[in-house]
Amino acid sequence: MATEQDLMERIVSLAKRRGFIFPSSEIYGGINGFWDYGPLGVALKRNIKEAWWHDVVRCPPPGPDGQPIEMVGLDCSIIMNPKVWEASGHVGGFSDPMVDCEACKARFRADQLVYRELYSIGPEWADLEHPPVLGTFDEMHDTGEAKPTGHRFATLPGTSDDELKTIVRRLLGSKRAKIITVFEEGDDLGRKLVTDGNKVYLIDSGPLDADYPCPTCGGALTEARQFNLMFKSHAGAMEDSASEVYLRPETAQGIFANYMNVLDTSRVKVPFGIAQIGKAFRNEINPRNYTFRSREFEQMEIEFFCHPNDADTWYEYWRDSRFQWYVDHGLKSDKLRLRNHEQDELAHYAVSCADVEYAFPFGTSELEGVANRTDFDLKQHQEASGRDMTYFDDQTKERFIPYVIEPSGGVDRAALAFLCEAYDEDEAPDEKGKMQRRTVLRFHPRFAPVKVAVFPLVRKDGMPEKAREIYMACREQVSAFYDEKGAVGRRYRRQDEAGTPFCVTVDGQTAEDGTVTIRDRDTMVQERIPSDDVAAYVRERLRL
Ligand code: GAP
């Protein structure tokens, strides 16, 4: 049985070997936090984006009253007027704490140091954004075990006092991760150690513990400092502060900046949504977990504008329908969860938020967040731009700034989750009937990069010509692949690794009765069907 780490390594290796994902600019040693998608990877991502666009823009689920809802699309520029990012709060507040080593000059995200310590205790502790939380401080106080602070706590099982002391002394926080502190029975609130040896309490972030050494060279680390995550560039010939621009860290602000343009030009009425898919850039201090936290990635975001009184209803609508979308596309329920944010976790602009989370082999983490952002963003832009962002409802004669519900997902994270979910190993007989280990990607039919592969059994007797003819007919309707090289068993294996649901083989019998074999990726069962029916068969079986 593969460990989770082994499993991740196998997935990464398969993704490289079969052309899903490559390290960016690999011939020059790569670049941390950037990835390239190969022929199969780009097809996977396109399928995800097309499915999303179809399911939220063209045919969104009916609204809470059973009526169709209004959704439109947008494609904004990546570089916008920097005032957008001042108004949105990104210039002032989109930052992570980081520390530098005074000796070797290495730079670390502050919570990454915590992460390393915790990972050595157990992988579940490496999930710093959502450590195992057992209850509230208040509940614990009722049992006499802790003093109330309103912060969250968690228990670290089976850890000795000495281990605890070591860990606690080395902990520090980030805006999301909590500093872990412990309390001695009877002590005041503060960063103290427990005496019973098995409880750790989470409180807000604090300064870096002075004696935490650089993990690379053991040198002294600086205090944590805020580091803005936006990539900067310059627009125009002059490289001065007046020409400074940012690569967008989210697609959302482009939607807010265009909300009035869309209202004025598209005949939409509140409630309605604007959707956008596009690149976003964040200068993550420590990109990690393969493509999960990258510096360049794609988002698929919706800003849904509604009356403030209806915001709770629409929040629930989007939260539940977005969660269901992942379920419908094959993420197993035991690996997928919807986690409502606690009050102390909410971003300053949100009144409610839930994350769709998936249990990746490296830990459970966010795929998509759904938030009720209130009228925060439109108000900010109204104030900063001087443009009126109110909406006039000509039926009720009411004028108001709409509330916004935002489902915000990552294309790369979705692709990674679907890849991890699809990965499977089983056994299949080789040409001699001997059982061999088989790696197979059991993609949902919508996402499989190639839907059908067509082979001649051998390269003679007119089989390649017939197979090519079938391939040409198929590719008009579904994504198809032709292969005539090597033993047919190996060709099947290659397609299993690519996640291709069907393989069609032209053999000796084809010339006699016009039939071909069609093999199912998951069951490996082969049946004979007329060669003219291949595309229709594939479409019907895959419900495309
Ligand atoms: N407009 C809201 C927003 O951007 P977010 O939680 O920061 O919220 C939304 O990002 C989604 O974008 C995440 O759920 C994730 O899927 C994706 N995402 C964010 N940062 C990412 C990164 N560094 N690498 C890959 N995907 C990322």
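Residues numbered from 1 in each chain as written. Predicted model: local features only at pLDDT ≥ 70, side-chain atom pairs only at ≥ 80, totals over all residues. Heavy atoms only, no water.

**Overview of the overall build of the protein chain**
Counted only if it meets this: The secondary structure listing takes helices from DSSP runs of H or I that are at least 4 residues long and strands from runs of E that are at least 2 residues long, numbered from the N terminus. Every residue pair with non-hydrogen atoms within 4.5 Å of one another is taken to be in contact.
When helices and strands are counted, the protein chain shows 15 helices and 27 strands. The long-range fraction of contacts in the protein chain, counting pairs at least 24 apart against all pairs at least 6 apart in sequence, stands at 64%.

**Topic: the nonpolar core**
Note the threshold: Definition used in this section: a nonpolar core is a set of buried Ala, Val, Leu, Ile, Met, Phe, Trp, Tyr and Cys residues joined via side-chain atoms within 4.5 Å. When a residue's accessible area, from a 1.4 Å probe over protein chains only, is under 20% of the maximum for its type it is buried; when over 50% it is exposed; and in between it is partly exposed.
One finds W318 and Y326 to be the most contacted residues of the largest nonpolar core, which totals 57 residues. For this core, the secondary structure elements donating two or more residues are helix 1 (4-17), helix 2 (39-58), strand 13 (272-281), strand 14 (296-306), helix 9 (311-328), strand 16 (352-360), strand 17 (363-374) and helix 11 (411-422). If one sorts the elements of this core by residue count, helix 11 sits on top with nine residues. Beyond its immediate chain neighbours, meaning those up to four positions away, Y326 contacts M300, L331, L336, V356, L367, E368, A414 and F418. Core analysis: the next-biggest nonpolar cluster, separate from the first, contains 21 residues, V454, V478, A480 and A535 among them.

**Things to note about the site of the ligand**
Let me state the cut-off plainly: Here a residue is near a molecule or strand as soon as one of its heavy atoms is found within 4 Å of it. We call two N or O atoms a polar contact when they sit within 3.5 Å, provided that within protein one can donate a hydrogen and the other can accept it, with sequence-adjacent residues counted only if both atoms are side-chain atoms.
The environment of the ligand is made up of 19 residues, and the closest members are E250, R282, S294, E301 and E366. The separation between a nitrogen atom of the ligand and a polar main-chain atom of F292 is 3.2 Å. Within the side chain of E406, an N or O atom sits 2.9 Å from a nitrogen atom of the ligand. Looking at the shell around the ligand, the elements that each hand over two or more residues are strand 14, strand 17 and strand 20 (403-410).

**Looking at the sheet that holds strand 24 (residues 480-482)**
Cut-off, in case you're wondering: One bridge is not enough; two strands pair if DSSP finds at least two bridges between them. Convention adopted: a line fitted to C-alpha atoms gives each axis, helices being fitted over their contacting stretch, and angles between N-to-C directions are expressed from 0 to 180 degrees.
Taken together, the five strands give an open sheet; going across it, the order is 24-23-25-26-27, and neighbouring strands pair in mixed fashion. Edge positions in the sheet fall to strand 24 and strand 27 (526-530), since each has one partner strand and no second. Averaged over all pairs of adjacent strands, the angle between strand axes in this sheet comes to 25 degrees, irrespective of strand direction. Here helix 13 (residues 488-498) sits on the sheet and contacts strand 23 (452-456), strand 24, strand 25 (502-506), strand 26 (515-520) and strand 27; the angle it forms with strand 23, its principal contact strand, is near 170 degrees.

**Comments concerning the environment of G363**
Mapped onto the elements, G363 comes out in strand 17. Residues G363 and N289, spaced 74 residues apart in sequence, show a C-alpha to C-alpha distance of 9.4 Å.

**Some remarks on the packing of aromatic side chains**
Inclusion rule: Between rings of Phe, Tyr and Trp, where Trp is taken as its six-membered ring, a pair exists when centres lie within 6.5 Å; planes separated by under 30 degrees are stacked, by over 60 edge-to-face, and by other angles tilted.
Applying the stated criterion across every chain, the model contains 25 aromatic pairs. Judged by centre distance (5.6 Å) and plane angle (65 degrees), the rings of F292 and F362 are edge-to-face. Of the two residues, F292 is situated in the loop between strand 13 and strand 14 and F362 in the loop between strand 16 and strand 17; the sequence distance between them amounts to 70 residues. Judged by relative accessible area, which is 5%, F292 ranks as buried. The buried category is assigned to F362, whose relative accessible area is 14%. The structure contains a cluster of three or more aromatic residues connected by ring pairs, namely F256, Y259, F272 and F305.

**Some remarks on the packing of helix 2 against helix 11**
Our working rule: Here roughly perpendicular refers to angles of 65 to 115 degrees, roughly parallel to angles under 35, roughly antiparallel to angles over 145, and oblique to all remaining angles. If you view the pair so one helix is near and one far, a crossing is left-handed when the near helix is turned anticlockwise from the far one by less than a right angle, and right-handed when it is turned clockwise. For this scheme, ten residues count as nonpolar: Ala, Val, Leu, Ile, Met, Phe, Trp, Tyr, Cys and Pro. Four count as charged, namely Asp, Glu, Lys and Arg, and the remainder, Gly too, count as polar.
The interhelical angle for the contact between helix 2 and helix 11, taken along N-to-C directions, is 110 degrees, at an axis separation of 10 Å. Accordingly, the angle class assigned to the pair helix 2 and helix 11 is roughly perpendicular. Helix-helix and strand crossings are classified by hand; for helix 2 and helix 11 the assignment is right-handed. In this structure, helix 2 uses L44, K45, I48 and K49 to contact helix 11, whose residues at the interface are V411, D412, A414, A415 and F418. Residues belonging to the contact of helix 2 with helix 11 are distributed by class as follows: six nonpolar, no polar and three charged.

**Quick look at the pairing of strand 13**
In terms of burial, strand 13 is a largely internal element, nine of the 10 residues being buried. Direction of pairing for strand 3 (residues 70-73) relative to strand 13: parallel, over a ladder of four bridges. Of the residues in strand 13, the one forming a bridge with E70 is F272.

**Some thoughts on the pattern of salt bridges**
This is how the line gets drawn: Throughout this description, the term salt bridge denotes a Lys or Arg side-chain nitrogen within 4 Å of a carboxyl oxygen of Asp or Glu.
Applying the stated rule across the entire model yields 33 salt bridges. Note that R18 and E497 form a salt bridge whose closest N and O atoms lie 3.8 Å from each other. Residue R18 is found in the loop between helix 1 and strand 1 (21-23), and its partner E497 is found in helix 13; the two are separated by 479 residues along the sequence. When sorted by exposure, R18 lands in the same class as E497, which is buried. Residue D496 is joined to R519 by a salt bridge in which the shortest nitrogen-to-oxygen separation is 3.0 Å. Residue D496 is located in helix 13, and its partner R519 is located in strand 26; the two are separated by 23 residues in the primary sequence. Taking the relative accessible area as the measure of exposure, D496 reaches 0% and is therefore buried. Salt bridges sharing common partners tie together D424, D426, R438, R442, D496, R519, R521 and D522.

**Some thoughts on the sheet that holds strand 13**
Ordered in space as 3-13-14-20-17-16-15, the seven strands form an open sheet in which the pairing is mixed. Of all strands in the sheet, those with a lone pairing partner are strand 3 and strand 15 (336-340), marking the two edges. Direction aside, neighbouring strands of the sheet carry axes that sit 20 degrees apart on average. Sitting on the sheet, helix 2 is in contact with strand 3, strand 13 and strand 14, with an inclination near 160 degrees to strand 13.

**Examining the confidence of the model for the protein chain**
Note the threshold: On a scale of 0 to 100, pLDDT captures the predictor's confidence in every residue.
Residues with a pLDDT of 70 or more make up 79% of the protein chain, whose mean pLDDT is 83. Below pLDDT 50 for its whole length, residues 117-122 participates in 10 contacts with residues either more than four positions away or in separate chains. Taken together, the stretch residues 124-210 has pLDDT below 50 and engages in 206 contacts with residues farther than four places along the chain or on a different chain.

**What about helix 15 (residues 534-542)?**
Condition: The arc in question is the one traced by the directions running from the helix axis out to the C-beta atoms.
For helix 15, the full list of buried residues reads V534, A535, Y537, V538 and L542. Angularly, the buried residues of helix 15 cover 165 degrees about the axis, an arc narrow enough to put them on a single face. Summarising the contacts, the buried residues of helix 15 are in contact with strand 23, helix 12 (463-475), strand 25, strand 26 and strand 27. Backbone geometry just after helix 15 places R543 at a positive phi near 50 degrees.

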